[in-house]
Amino acid sequence: MKQPENQARFIELFREALVMVSGQSGLISTHAHRSLDGWRCINFGHWRSLEAYTAMDTNRPFSPLFGEMLDLAENEYQKSLHEVVFTT
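Residues numbered from 1 in each chain as written. Predicted model: local features only at pLDDT ≥ 70, side-chain atom pairs only at ≥ 80, totals over all residues. Heavy atoms only, no water.

Draft legend 1. Focus on the pairing of strand 1 (residues 27–34). With 7 bridges connecting them, strand 1 and strand 2 (residues 41–47) associate as antiparallel partners. If you follow His33 over to strand 2, its bridge partner there is Ile42. (Pairing = 2+ DSSP bridges. Helix = DSSP H or I, 4+ residues; strand = E, 2+ residues; numbered from the N terminus.)

Draft legend 2. Spotlight on helix 2 (residues 50–58). Restricting attention to buried positions, one finds in helix 2 the residues Ala52, Tyr53, Met56 and Asp57. Buried residues along helix 2 cover an arc of 130 degrees about the axis, so they all sit on one side. Turned more than 90 degrees away from the buried face of helix 2, the exposed residues are Leu50, Glu51, Ala55 and Thr58. Where helix 2 is buried, its residues meet helix 1 (7–21) and strand 2. (Buried < 20%, exposed > 50% of the residue type's maximum accessible area, 1.4 Å probe, protein only. Arc of directions from axis to C-beta. Contact = heavy atoms within 4.5 Å.)

Draft legend 3. Here's a closer look at the nonpolar core. Ranked by size, the top nonpolar core spans 17 residues in total, and within it Phe10, Val21, Trp47, Met56, Phe62 and Met69 carry the most contacts. For this core, the elements supplying multiple residues, two or more each, are helix 1, helix 2 and helix 3 (63–72). With 5 residues, the single largest contributor to this core is helix 1. Excluding residues that lie within four positions of it along the chain, Trp47 makes contacts with Val21, Gln24, Ser25, Gly26, Leu27, Ile28, Ala52, Tyr53 and Met56. (Core = buried A, V, L, I, M, F, W, Y, C linked by side-chain atoms within 4.5 Å.)

Draft legend 4. Spatial organisation of the side chain of Gln7. Along the chain, the position of Gln7 falls in helix 1. For Gln7, a relative accessible area of 9% gives the class buried. Apart from residues no more than four positions distant in its own chain, Gln7 is found in contact with Met1, Arg34, Ser35, Gly38, Trp39, Arg40 and Cys41.

Draft legend 5. Highlighting the pattern of salt bridges. Across all of its chains, the model carries 3 salt bridges by this definition. In this structure, the salt-bridge partner of Arg9 is Glu68, at a minimum N-O distance of 3.0 Å. With Arg9 in helix 1 and Glu68 in helix 3, the pair connects residues that are 59 residues apart, well separated along the chain. Looking at Glu68, the relative accessible area reads 35%, which means it is partly exposed. For the salt bridge of Arg60 with Asp57, the shortest nitrogen-to-oxygen distance reads 2.8 Å. For the pair Arg60 and Asp57, a shared accessibility class is recorded, and that class is buried. Taken together, the shared-partner salt bridges connect Arg9, Glu12 and Glu68 into one network. (Salt bridge = Lys/Arg side-chain N within 4 Å of Asp/Glu carboxyl O.)

Draft legend 6. Structural context of the environment of Gly38. Topologically, Gly38 is positioned in the loop between strand 1 and strand 2. The exposure class assigned to Gly38 is buried, which follows from its relative accessible area of 6%. Residues Gly38 and Ser22, 16 residues apart in the sequence, show an inter-C-alpha distance of 25 Å.

Below you can see the structure in the form of structure tokens.
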């Protein structure tokens, strides 16, 4: 966040964005995390396939909110794709 007090608004926007994404084909789950100091928010989305994620990311249903989210987040949006190796 640019400022820790931005975290609450960012989370509100993030909840709205998740509602927009929740109906997307291939989405299994999303886990949102916030740091206790107010400086960070992290999302872990679990998708059935890279193709399903790419289809959503190519035509983001949450695009109207994304600009405001980036304004609050100090341009630290970092998209990183990972493969699940194991779960416990």
